[in-house]
Amino acid sequence: MKINELIKQLESYDSKGLYQDDFFLTWDKTQDEIMAVFAVADALRTLRENNKTARIFDSGLGISLFRDNSTRTRFSFTSACNLLGLEIQDLDEGKSQISHGETVKETSNMISFMADVIGIRDDMYIGKGHTYMKNVAEYVEEGYKDGVLEQRPTLVNLQCDIDHPTQTMADTLHMIHELGGVENLKGKKVAMTWAYSPSYGKPLSVPQGVIGLMTRFGMDVTLAHPEGYEIMDEIEDVAKHNEEMYGGKFTRVESMAEAFKDADIVYPKSWAPFKAMETRTDLYAKGDQAGIDALEQELLIQNALHKDWACTEDMMKLTRDGKALYMHCLPADITGLSCSEGEVDASVFDRYRIPLYKQASYKPYIIAAMIFLQKIANPGAKLEELWNGTMPRWADNA
Amino acid sequence: MKINELIKQLESYDSKGLYQDDFFLTWDKTQDEIMAVFAVADALRTLRENNKTARIFDSGLGISLFRDNSTRTRFSFTSACNLLGLEIQDLDEGKSQISHGETVKETSNMISFMADVIGIRDDMYIGKGHTYMKNVAEYVEEGYKDGVLEQRPTLVNLQCDIDHPTQTMADTLHMIHELGGVENLKGKKVAMTWAYSPSYGKPLSVPQGVIGLMTRFGMDVTLAHPEGYEIMDEIEDVAKHNEEMYGGKFTRVESMAEAFKDADIVYPKSWAPFKAMETRTDLYAKGDQAGIDALEQELLIQNALHKDWACTEDMMKLTRDGKALYMHCLPADITGLSCSEGEVDASVFDRYRIPLYKQASYKPYIIAAMIFLQKIANPGAKLEELWNGTMPRWADNA
Amino acid sequence: MKINELIKQLESYDSKGLYQDDFFLTWDKTQDEIMAVFAVADALRTLRENNKTARIFDSGLGISLFRDNSTRTRFSFTSACNLLGLEIQDLDEGKSQISHGETVKETSNMISFMADVIGIRDDMYIGKGHTYMKNVAEYVEEGYKDGVLEQRPTLVNLQCDIDHPTQTMADTLHMIHELGGVENLKGKKVAMTWAYSPSYGKPLSVPQGVIGLMTRFGMDVTLAHPEGYEIMDEIEDVAKHNEEMYGGKFTRVESMAEAFKDADIVYPKSWAPFKAMETRTDLYAKGDQAGIDALEQELLIQNALHKDWACTEDMMKLTRDGKALYMHCLPADITGLSCSEGEVDASVFDRYRIPLYKQASYKPYIIAAMIFLQKIANPGAKLEELWNGTMPRWADNA
């Protein structure tokens, strides 16, 4: 799309609520705010494709605080910060003094003297990640009001125990482009299903986030998982709200096949049972390693009962014309490739490799758009200014 | 303070000696030089508060070399470098080949081809940290003269075995602002006291640095510690010199209560006994792990004899009007919070939380000011130029 | 040399082949391309010496992917990227999810959404490093063509199992400067010899790279090593080709003394036997740790049979007028300094310390030149533009 159309779209949304605020959960945000993020993500990509700089900071830090390993999200956050002119500083809890008893309140302030944005990934413990992010936000707000901090760094949730907004918004922007416009999402069936993986304890934030976000665009989101793999109860409320508000539909079914039936989009991936994750969190809190090990064994055995939950070629044939768009947040457990039995057949995965990579490619722009809207009061005018600027990103003279 | 007043102040000081030189110990520097660092720190903060860029480098590296864990100092150094336009590159001795036998001379040159500043923290071993920094400085000077390096990177001591200038200068700038001007420091009593901590082997650089710096402003610095917790002898000489030169006063007393009596400022913190630290350094050199473990046990037992050295509410009541400014370099060992018995009562700490965070907030600006004065021949003119510039740090169009 | 002479030189070479391409092996490149890299390296150094900015990127990432420890190469790559305006992002395989089964194709794309250059060091396994780099290049090319990546990041080989182009080109540029021009390399004798080291398994890329590169300038490259320390066969073919093409000479001799006889340049360093490295690679692939340990012991014993292969003062006397230029890629194993018996006498090393450091100092500029030529279609015009620009690198107002 042309940049001026994107700017016009953007200016039709009321996105003021994003300015100087944090981004925790998509369902905290209005539809206009969500749409504004998409418009800015596309506009930033257009700027970059046209070799225009998108720097809005001459100096400043983007702090990354990762409590779980990550390649994609780490690189996406770094890319987004760099695009806007912020330098990344990792808070590596190994290197820092946090490991020896520093409180969250203190650390939040100590890392923020020159921080413009803080990206946090904390998805391992149920009831902890989101709470931790809210705490950090509260403490930097306090620090700002008390005159400790000269600017209020805003937060971006790079995955918590509840939601994974940068992932699911990248997913949705990908669908918008694949389907030719947000209006084409309406009425489409998304099968969000559990799938077997030989590994253990994957977060629930993707299925929860997909249900919470995609029901907003009038989509028919169908959830399927084996018994015992329930997600958080409150997501149901979010989905119900979205059904009423946006005309979407949320359905639970008992089998992968039922979910895949006539689906336009399928998103099969593994996750851990919510109740088990709660138990694990309690065991960690008590430092009960034997209990954790026992739980892990139990869960692996439980997983292995459901090896038939796999996105096979036969399963794909059930989808609309056998041609549903296959999606995954990556990395996937690919049968015969990364494991002997996994989430998806190698032939299915390979057929969708390019769209899957494209799906991932939106994440840096979604993150950059969130930061842009947090930091720029009049984003349309700023995009216009950047577009009309003469500063190239890459000063090639070809 | 207004920027032009700060620039006027700065220009009244002779700060030429800082240009192209290193910053190791505050007592190497003249009073004018110290005051110039304060003025530039305040000016850089004013620039940032007014959303003016303070970049003086278009490219270049700031090298950080940390031989001890650190959150605050690491983030402060990164922030300072970023503010001035330098990108941080950590020399992580694990990642590098230093661990397998590379000499300091060689490494100093190899990391410096495009380095403008090197920040070093090396505070663990008595007689080693400062010496190491002097060596690095000598080697890069040599490399520069030999035509190996095109620029002479300057050094900033981010904490050594003797002094912690970026900390104590941030402390002092905090006092200047709390008391309403440097002239108000004169005659004020500072209680620099040992306090009990359940942890072991904290560096001596803070008490030594506080004595060495605060006696320069006509302050009455009173040191108290249990027997056996003596600091380096040579600090006494520095303090005596300062008494003569600047009219300060340095007193040793036997108890925390005596030190706190009518104090305007209290700075109670734990440190390791100098003699024990010397012994530990020798044991490390010999690789005598059993000896080190035995020493650690011995020191923890010795520490535990002095649990009454704590900054309690009762102790605070002894200070001037019961309202002394409580200071700490953070993180503090807080009784009932980060440990069962520690340096300070939770209620005392909490009452001073905001000033403590503000105290810490000066460190990035102190470091940036040191680098600025090392790199800019006419700092007043440059600040004026930055102030009059149109380049915002953060291009918000609110 | 003056910048306009360098630009004139550069414009006399056909360097278009470097644009948008990778740099894997020097013998993939034409003589004009090699000479263009030298000219740009000198020009970038001249810009920096004259405090002119060399930024060609306003934002963008340089990805470093190191599969072996490194100080020099890491800092050189960071310096080069920073000089041109790219921020470094390390792909630390420990931190990332690569360690749990992610494929190379996927990772190559996932890290490249905003990557302009990727520097890889992978020198540990025979038959693996170069192949890995070619794979990454192929995958990002594919990603670019498929519309996944908006730009095609180019690769720089920071050391593989076959060649070490950034090292040997820095070495050669050093010789050019020491000997007063590339034309003075013609007919000079280079002794590339094995030398004893108490450590194990050093890569073969330096001797191989030296033979492959220096024979191109009409030099007489003489290789000597104990029996069993053969290098890759295919290097012989490269050398033969260079003899015919450029009038160089490649000779094998049986002893260090014979190689050193009348040499103008000596490059004595340790490496592992090619066949043993092949065996080790197989053992690693099989996960046969006992086999690896046994091999290591065997190789150390084998090494120790050749302690007389050392660059002693006596050996140096055999060289032309006893004054050959001693070269090393650093760090060297220095007898009596970093080990009891090693590659070189301390007195020899020390006499050449300054030239050795200068030799190393070219590496950041060689890397920057490679990137510059990969990214700028008309490099001469761009250098001219940078030279005529008013933006200082370091805004000192001395």
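Residues numbered from 1 in each chain as written. Chains lettered and ligands numbered in written order. Predicted model: local features only at pLDDT ≥ 70, side-chain atom pairs only at ≥ 80, totals over all residues.

Side note on the overall build of chain A
Heads up, the rule is: Numbered from the N terminus, helices here are DSSP runs of H or I no shorter than four residues, and strands are runs of E no shorter than two. Here the globule rule is a power law, 2.2 Å times the number of residues to the power 0.38, and the radius of gyration is based on C-alpha atoms. We call a residue exposed when 12 or fewer other C-beta atoms sit within 10 Å of its C-beta, buried when the count reaches 20 or more, and partly exposed for counts in between; the C-beta positions come from the backbone. Here, residues touch in the contact sense if the C-beta positions derived from the backbone fall within 7 Å of one another.
Within chain A, the secondary structure is distributed over 16 helices and eleven strands. Relative to the globule expectation of 21 Å for 398 residues, the C-alpha radius of gyration of chain A, 21 Å, shows essentially globular dimensions. Counting only C-alpha atoms, chain A reaches 55 × 50 × 45 Å along its principal axes. Expressed as a percentage of its 398 residues, the buried residues of chain A come to 58%. Pairs at least 24 residues apart make up 82% of the contacts formed inside chain A by residues separated by at least 6 positions.

What to know about the sheet that holds strand β1 (residues 61–66) of chain C
Residue and element names in this part refer to chain C. Our working definition: Only strands joined by at least two bridges in the DSSP assignment are considered to pair. Axes, fitted as lines to C-alpha atoms, cover a helix only where it is in contact. Angles between the N-to-C directions of the axes lie from 0 to 180 degrees.
One open sheet accounts for four strands, arranged β2-β1-β3-β4; its pairing is parallel. The sheet is open, and its two edges are formed by β2 (87–90) and β4 (154–160), each paired on a single side. With direction set aside, neighbouring strand axes in the sheet form an average angle of 20 degrees. Pairing analysis gives six bridges linking β1 to strand β3 (residues 115–122), with the strands arranged parallel.

A word on the interface of chain C and chain A
Stated precisely, the cut-off is as follows: Here the nonpolar group is Ala, Val, Leu, Ile, Met, Phe, Trp, Tyr, Cys and Pro; Asp, Glu, Lys and Arg are the charged ones; every other residue, Gly included, is treated as polar.
On the side of chain A, 32 residues touch chain C, which itself brings 33 residues to the contact. Sorting the residues of the side of chain C that touches chain A by element identifies β2, α4 (104–110) and α16 (379–388) of chain C as the ones contributing at least two each. Partitioning the side of chain C that touches chain A into residue classes produces twelve nonpolar, eleven polar and ten charged.

Re the sheet that holds strand β6 (residues 220–224) of chain A
Residues and elements named next belong to chain A. The sheet built from five strands is open, its strands ordered β7-β6-β5-β8-β9 with parallel pairing. At either margin of the open sheet sits one strand with a lone partner, and together these are β7 (249–253) and β9 (325–326). Relative to β9, strand β8 (residues 265–269) is paired through two bridges, and the arrangement is parallel. Bridging across to β9, I265 finds its partner in L325. Here helix α7 (residues 205–214) sits on the sheet and contacts β5 (189–194), β6, β7 and β8; the angle it forms with β6, its principal contact strand, is near 155 degrees.

Some words on the relation of the copies chain B and chain C
For the record, the criterion: For this overlay, a least-squares fit was computed on C-alpha atoms, restricted to residues scoring pLDDT of at least 70 in both copies.
Superposing chain B onto chain C requires a rotation of 120 degrees together with a translation of 0.0 Å along the rotation axis, leaving an RMSD of 0.0 Å. Such values leave the two copies arranged in the relation of a three-fold axis. Measuring from the rotation axis to each C-alpha of chain B, the shortest distance belongs to E87 of chain B, at 4.5 Å. Taken as a fraction of all interface residues of chain B, those also at the interface in chain C reach only 3%, which identifies the copy contact as different-surface.

Some points on the interface of chain B and chain C
The interface of chain B with chain C comprises 33 residues on the first partner and 32 residues on the second. Where the side of chain B that touches chain C is concerned, the elements lending two or more residues are β2 (87–90), α4 (104–110) and α15 (379–388) of chain B. Tallying contributions element by element places α4 of chain B first for the side of chain B that touches chain C, with four residues.

Examining the domain arrangement of chain A
Residue and element names in this part refer to chain A. For clarity, the cut-off: These domain limits were set by an automatic method or by a database of domain assignments.
Under the domain assignment, chain A is made up of domain 1 (3–163 + 364–388) and domain 2 (167–360). For domain 1 and domain 2, the distance between their C-alpha centroids amounts to 26 Å. Taken together, the contact between domain 1 and domain 2 spans 18 residues of the former and 22 residues of the latter. For the side of domain 1 that touches domain 2, the secondary-structure elements that each account for two or more residues are α2 (31–49) and β4 (154–160). Looking at the side of domain 1 that touches domain 2 element by element, the count peaks at four residues for α2. Here the side of domain 1 that touches domain 2 is built from residues that sort into nine nonpolar, four polar and five charged.

Quick word on the packing of helix α6 (residues 165–179) of chain B against helix α14 (residues 353–375) of chain B
Residues and elements named next belong to chain B. Selection criterion: The labels follow the angle: roughly parallel below 35 degrees, roughly antiparallel above 145, roughly perpendicular from 65 to 115, and oblique for the rest. Crossing handedness: left-handed means the near helix sits turned counterclockwise from the far one by under a right angle, and right-handed means the same turn made clockwise.
The N-to-C vectors of α6 and α14 enclose an angle of 120 degrees; their axes lie 8 Å apart at closest approach. By the criterion of interaxial angle, the relationship of α6 to α14 is oblique. In terms of crossing hand, the pair formed by α6 and α14 is right-handed. The residues of α14 that touch α6, namely those facing T166, Q167, M169, A170, D171, L173, H174 and E178, are P355, K358, Q359, Y362, K363, I366 and I367.

Some thoughts on the packing of helix α6 (residues 165–179) of chain C against helix α15 (residues 363–375) of chain C
Residues and elements named next belong to chain C. Taken N-terminus to C-terminus, the directions of α6 and α15 make an angle of 115 degrees; their axes are 9 Å apart at the nearest point. One element, α6, and the other, α15, form an angle in the roughly perpendicular class. Between α6 and α15 lies a crossing whose hand is right-handed. Taken together, the residues of α15 that come into contact with α6 (itself represented by T166, Q167, M169, A170 and L173) are K363, I366 and I367. Residue composition of the contact of α6 with α15, by class: five nonpolar, two polar and one charged.

A short note on the environment of A346 of chain A
All names here are of chain A. By secondary structure assignment, the location of A346 is in helix α13 (residues 346–351). The exposure class of A346 is partly exposed, given the 13 C-beta atoms found within 10 Å. Residues A346 and I34, 312 residues apart in the sequence, show an inter-C-alpha distance of 34 Å. Once you skip the residues sitting within four places of it in the chain, A346 turns out to touch I334, T335, G336 and L337.

Some points on the relation of the copies chain C and chain A
Between the two copies, chain C and chain A, the superposition gives an RMSD of 0.0 Å; the rotation angle is 120 degrees and the shift along the axis is 0.0 Å. When you check the interface residues of chain C against chain A, a mere 3% turn up at the interface there too, and the two sides of the contact use different surfaces.

Details of the confidence of the model for chain A
Residue and element names in this part refer to chain A. Going by this rule: pLDDT is a residue-level measure of predictor confidence that goes from 0 to 100.
Overall, the prediction assigns chain A a mean pLDDT of 94, with 97% of residues at 70 or greater. Low pLDDT (under 50) marks residues 95–101, which in the prediction has 15 contacts with non-local residues, meaning those over four places away or in another chain. Interface confidence for the predicted complex, expressed as ipTM, amounts to 0.95; the pTM equals 0.97.

Things to note about unusual backbone geometry
A cis amide bond, omega -5 degrees, links L330 of chain A with the succeeding residue P331 of chain A. Tracing the chain through its elements places P331 of chain A in the loop between β9 and β10 (334–335). Within the chain, L330 of chain A stands out as a residue other than glycine whose phi angle is a positive 60 degrees. For L330 of chain A, the position within the fold is in the loop between β9 and β10. Here L330 of chain A falls in the partly exposed class, since 19 other C-beta atoms lie within 10 Å of it. The backbone of Q20 of chain C shows a phi angle near 65 degrees, a positive value even though the residue is not glycine. By the element assignment, Q20 of chain C lies in the loop between α1 (3–12) and α2 (31–49). For Q20 of chain C, a count of 16 C-beta atoms within 10 Å gives the class partly exposed.

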